[in-house]
Amino acid sequence: MHERTRARLRRATHPIHQELHRHPLLRQLLQHDVGLQDARDAAAVSYVVALRLETARATAGVWEKLSLSGYVADLRTALGPAVPCGCAADFPLGRHALLGGLYVMHGSALGAAVIAKHIRAHLGDGAALLFPARDTDVWEAVLCALDQIDAQGADDVEAGAMFVFKTYREVADAWRDGTDFVGSAQFPAMDGSAVCGIASG
């Protein structure tokens, strides 16, 4: 994947990425009046999406070195007994699309270091564990994997990244509203039709 394709991926996901930063559930995290429940809610959303993506990755048997299992385990521990269910979803993503999704989740987890610092200052070390630190080596491995993708595969990478961003938005909306989550994000099938990518958890 050439640098220009990485730039394309960033451009394609930038609008929804910024939209999520403004989401009521997430924008509160960097406010001075952030509360423990705010942090727990955001961590729960990340847990649901990461678990579903990691389940899809493990089922497909690809990108083992880019596994989210450690991140999921850390979130599960931090959330404790109130950890939400997030395993009953089908992500119909192929190898390249899964890489796009992993790009989103690993990037999000790495970027959450800024949030963890803010949470630690306002709520203490325990609350900061809801935004667990990640190994930058894995992020470098994600970028290395992207560098090996050809132009045709890059289309699927972008589609997978957008799919996971949209899933994250839908889970955040449902969590904010206190409603059961039944996803409507659509992932384009190879024949141009659409398949439902998310089931209620």
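Our subject is the structure that appears above.
Residues numbered from 1 in each chain as written. Predicted model: local features only at pLDDT ≥ 70, side-chain atom pairs only at ≥ 80, totals over all residues. Heavy atoms only, no water.

Draft legend 1. Just the packing of aromatic side chains, in detail. Within the structure shown, the criterion is met by one aromatic pair. Between the NZ or CZ atom of Arg-95 and the centre of the ring of Trp-63, over which it lies, the distance is 4.0 Å. (Phe/Tyr/Trp six-rings, centres within 6.5 Å; stacked < 30°, edge-to-face > 60°. Lys NZ or Arg CZ within 6 Å of the ring centre and 35° of its normal.)

Draft legend 2. Representation of helix H4 (residues 69-79) in the model. Among all positions in H4, only Tyr-71, Val-72, Leu-75 and Leu-79 are buried. Burial along H4 is one-sided: seen end-on, the buried residues are contained in an arc of 100 degrees. Each element contacted by the buried residues of H4 is listed here: helix H3 (36-60) and helix H5 (95-111). Downstream of H4 by one or two residues, Gly-80 has phi in the positive range, about 70 degrees. (Buried < 20%, exposed > 50% of the residue type's maximum accessible area, 1.4 Å probe, protein only. Helix = DSSP H or I, 4+ residues; strand = E, 2+ residues; numbered from the N terminus. Arc of directions from axis to C-beta. Contact = heavy atoms within 4.5 Å.)

Draft legend 3. The arrangement of the pattern of salt bridges in detail. Counted by the stated rule, this structure contains eight salt bridges. With its nearest N and O atoms 3.3 Å apart, the salt bridge here joins Arg-120 to Asp-125. On the accessibility criterion, Asp-125 (54% relative accessible area) is exposed. Ionic pairing is found between Asp-177 and Arg-176, a salt bridge with its closest N-O pair at 2.8 Å. We classify Asp-177 as partly exposed; its relative accessible area is 45%. Among the residues examined, Arg-176 registers a relative accessible area of 40% and is labelled partly exposed. Bridged by salt links that share partners, the residues Arg-8, Asp-155 and Glu-158 form one connected network. (Salt bridge = Lys/Arg side-chain N within 4 Å of Asp/Glu carboxyl O.)

Draft legend 4. The nonpolar core, seen in detail. One finds Leu-53, Met-105, Phe-131 and Val-164 to be the most contacted residues of the largest nonpolar core, which totals 60 residues. Of all the secondary structure elements, the ones that give two or more residues to this core are helix H1 (3-21), helix H2 (24-27), H3, H4, H5, helix H6 (113-123), helix H8 (136-147) and helix H9 (151-177). Take this core: its biggest share by element is 12 residues, from H3. Setting aside its immediate chain neighbours within four residues, Val-164 contacts Val-49, Leu-53, Phe-91, Leu-93, Gly-101, Val-104 and Met-105. (Core = buried A, V, L, I, M, F, W, Y, C linked by side-chain atoms within 4.5 Å.)

Draft legend 5. Focus on the packing of H5 against H8. The interhelical angle for the contact between H5 and H8, taken along N-to-C directions, is 150 degrees, at an axis separation of 10 Å. Our classification of the angle between H5 and H8 gives roughly antiparallel. Between H5 and H8 lies a crossing of left-handed hand. For the pair formed by H5 and H8, the contact residues are Leu-99, Tyr-103, His-106, Gly-107 and Leu-110 on the first element and Thr-136, Val-138, Trp-139, Val-142, Ala-145 and Leu-146 on the second. Among the residues making up the contact of H5 with H8, the classes are represented as eight nonpolar, three polar and no charged. (Axes fitted to C-alpha atoms, helices over the stretch in contact; angles between N-to-C directions. Parallel < 35°, antiparallel > 145°, perpendicular 65-115°, else oblique. Left-handed = near helix turned anticlockwise from the far one by under 90°. Nonpolar A, V, L, I, M, F, W, Y, C, P; charged D, E, K, R; others polar.)

Draft legend 6. Structural context of the environment of Lys-117. With respect to the helices, strands and loops of the structure, Lys-117 is situated in helix H6. Overall, the relative accessible area of 64% leaves Lys-117 in the exposed class. Distance from Lys-117 to Phe-131, taken between C-alpha atoms, is 9.2 Å for residues 14 residues apart in sequence.

Draft legend 7. Seen up close, the side chain of Asp-41. Looking at the element boundaries, Asp-41 is found in helix H3. It is Arg-40 that comes nearest to the buried, bridge-free Asp-41 among opposite-charge side chains, at 6.6 Å. A distance of 3.1 Å separates polar atoms of two side chains, one belonging to Asp-41 and the other to Trp-175. The residues touching Asp-41, leaving out its near neighbours within four places in the chain, are Leu-25 and Trp-175. (Lys, Arg positive; Asp, Glu negative; His and termini not counted. Polar contact = N/O pair within 3.5 Å; in protein donor to acceptor, adjacent residues only side chain to side chain.)

By themselves these figures say nothing about function.
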